[in-house]
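Spelled out, the chains give:
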Amino acid sequence: MSEVSCRVFDLAQVAAHASGRTASGFLADLSVSPSTVHDRSAFMPWADFVALCERMRVAVGDGDGLRRVGRLAVRGAARNRLSEIAGYLGGPAAVYAAAVEWWAPSLFRNVQFDRAEIGRDQLRINIVIPAEFAPNPGFFELAHGVLETLPHYIGLGAAALDVDLHPRHGRYRVALPPGHGVGQRLRRLGTILSSSRATVKQLAEQERLLYRRDVELARQQQDFRRIAEAVPDGVVIHRGGEIVYANSEFVRCLGSAVHPGASLLDMVLDEDVKSCRRLLSYQPRDTERPRAKELRFKRGSGSVNLEIMVGQSIDFAGHSAQLLVARDVTERRAVAAQLSMIDRMTSLGTLAAGVAHEVNNPITYVLGNLRMAEREVEQLGPDSPADVDRARLQQLLTTAREGAEQIKTIVSDLKEFASPGDMPIGGLEVNKALDSTLGLLGSKLGGRVTVERDPSKPLHVSASQARLSQVFLNLLLNAVDAVDQRAGAGQIVVRTFAKHDDRVVVIEVEDDGVGIPPSNRRRIFDPFFTTKATGSTGLGLSISHTIIQSMGGELDVDSQPGLGSTFRIRLPAVKAPAPSRSSRPPPPEHKTAS
């Protein structure tokens, strides 16, 4: 962005002369080149001007040195004819008026200058750097020297200044020196008018440059708006979250709430305000890719999901601003949820036989134990001793109760797995979801799974059990298919552990199956891609990848054909939740009636 005229490099030339250095040394690593410095219509970024002021401060020595540079720059500069005429006819106050209201704003586009007269011989001048630009204390010291010496333009002595300087603003109270008498003004006016032709030429050239720059800026803005309206996504320009411009697509997404001056934070659902604030304050570097985040915005009585992408800062209407691109992903999110449910139901169909076996096993010994208990009760007569067969009867009923609890656990796991599970819950224990999935698979695994975990270190992530169990189920079913395709029993190893000082939870599913060819490895996470002949939708790994990404994690694979595959999940760890009174006990072991 261009905010400061390259004419200010005259200050650096003065500083170089005063410090015995070369002026070109002040340009090192800046975007300003020697050719740019001599182009009177060129501008430099504010950040370069801040760096230039700091280098001058180091060269000449703090505030006193910078004020001296400002004074020398005024005394050595070619006199502006308009300022001379105004000064001789109107006095020193007119020089300050021309400097503050015309000359300074032409040099510094975004800095705010304000001048007010206090009586006949005093002025108050305020200079403010906007909040979006870096502070620059050296700039106010330079301005101090310039304001002190401005009367030199009309042959007067220095003004007396009372200053109050801060990194972002400077307040100057200027006591003007006595002006020329009327006779002196008239005598010198003739000398000035004799060179008026050069003055008019200079003014005309300056006016031409300003007009050309304004026309070019207007054309660029018109081109930008034309392009923005043609883009199929929403385009927003904002400053600090306040909308400056929004194209028609963004207005269509959110309706009449979108208008210049509206706050983006006010349009976001309360649950996403914190994420939106972080996104709006993000400042990407030149080499960084744009950052994207899905946020929920208000629309009428409902909401809409927008994927917001933050790009580089831009110069819009002469001021720094930030560009956002918004894509409506509401329908895509709904379709993804439906596909996820389809994949979940497909997995349940695959598990049907195994789940039936898991339920049938405890039902068998529950019914058997109840029949035996019934016979025991029938054999007890009114004259039987009080302690006869009571221990045996108690054992039968206890075993039956445990079997019923196991059936309840399996049904609960099925219900949990089949639920939509869209809303995450903080602090889900990973091994709990894993045990639930292993229980559902049951005989499908055939004793081929080994689980390696540290029981002393619970691993918690922010997720819903249904969604994480769906990922585990997909990975385990794929592992079973992989080991079934090769000779031998085959083995599957599931590992859960923490890394990086317990900040990351890792879950690995390793098999010694047929492996994945390199040509397929790049496509396994694509929707509808499958190498299975029948019975597969090709959604399992794609949906698993999407689920893990939505939790802020990663899912990848290492595989070698003929040696097996390892799917690896990485999720951000969270703190364990407070203990729940209704936490479910672990499922009992299978028991058979005797």
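Residues numbered from 1 in each chain as written. Predicted model: local features only at pLDDT ≥ 70, side-chain atom pairs only at ≥ 80, totals over all residues. Heavy atoms only, no water.

Topic: the overall build of the protein
Phase 1 of the analysis: Broken down by element type, the protein carries 18 helices and 18 strands.
Phase 2 of the analysis: Residue burial in the protein is summarised as follows: out of 594 residues, 41% are buried.
Phase 3 of the analysis: Of the roughly 31500 Å² of accessible surface on the protein, 53% is carried by carbon and sulfur atoms. (Helix = DSSP H or I, 4+ residues; strand = E, 2+ residues; numbered from the N terminus. Buried < 20%, exposed > 50% of the residue type's maximum accessible area, 1.4 Å probe, protein only. Areas by Shrake-Rupley, 256 points an atom, 1.4 Å probe, with all protein chains shown as cover.)

Points about the environment of P232
Phase 1 of the analysis: Within the fold, P232 resides in the loop between α9 (196-230) and β7 (234-239).
Phase 2 of the analysis: For P232, a relative accessible area of 66% corresponds to the exposed category.
Phase 3 of the analysis: Each C-alpha atom, one on P232 and one on F250, is 9.5 Å from the other, the two residues being 18 residues apart in sequence.

Regarding the pairing of strand β16 (residues 504-511)
In summary, the side chains of a regular strand alternate between the two faces of the sheet.
Phase 1 of the analysis: Of all eight residues that make up β16, six are buried, and the element is covered over most of its length.
Phase 2 of the analysis: Where strand β15 (residues 492-499) meets β16, eight bridges bridge the pair, whose relative direction is antiparallel. Counterpart to A498 in the pairing with β16 is V505.
Phase 3 of the analysis: Turn length for the β15-β16 hairpin, with the two strands adjacent in sequence and antiparallel, is four residues, and the turn residue H500 shows positive phi of about 55 degrees.
Phase 4 of the analysis: Summarising the sheet, β16 and strand β18 (residues 564-572) pair through eight bridges and their orientation is antiparallel. From the neighbouring strand, I507 faces β18, where its bridge partner is I569. (Pairing = 2+ DSSP bridges.)

Structural notes on the sheet that holds strand β6 (residues 169-175)
Phase 1 of the analysis: Judged by pairing direction, the sheet is antiparallel, and its four strands sit side by side in the order β3-β4-β6-β5 without closing on themselves. Edge positions in the sheet fall to β3 (112-118) and β5 (160-165), since each has one partner strand and no second. When strand polarity is set aside, the average angle formed by the axes of neighbouring strands in this sheet is 15 degrees.
Phase 2 of the analysis: Relative to β6, strand β4 (residues 122-128) runs antiparallel, the two being bridged by seven bridges. The partner of V128 across the bridge, within β6, is H169.
Phase 3 of the analysis: Contacts between helix α6 (residues 92-107) and the sheet are confined to β3, β4 and β6, with β3 contributing the most and set at about 165 degrees to the helix. (Axes fitted to C-alpha atoms, helices over the stretch in contact; angles between N-to-C directions. Contact = heavy atoms within 4.5 Å.)

Here's the deal with the confidence of the model for the protein
Phase 1 of the analysis: Summarising the model, the protein shows a mean pLDDT of 76, and 69% of its residues fall at 70 or more.
Phase 2 of the analysis: Here residues 77-89 scores under 50 on pLDDT; set against residues more than four positions off or in separate chains, the count is 32 contacts.
Phase 3 of the analysis: Ignoring residues within four places in sequence, the model shows residues 581-594, a span with pLDDT below 50, making 22 contacts including any to other chains. (pLDDT = per-residue confidence, 0-100.)

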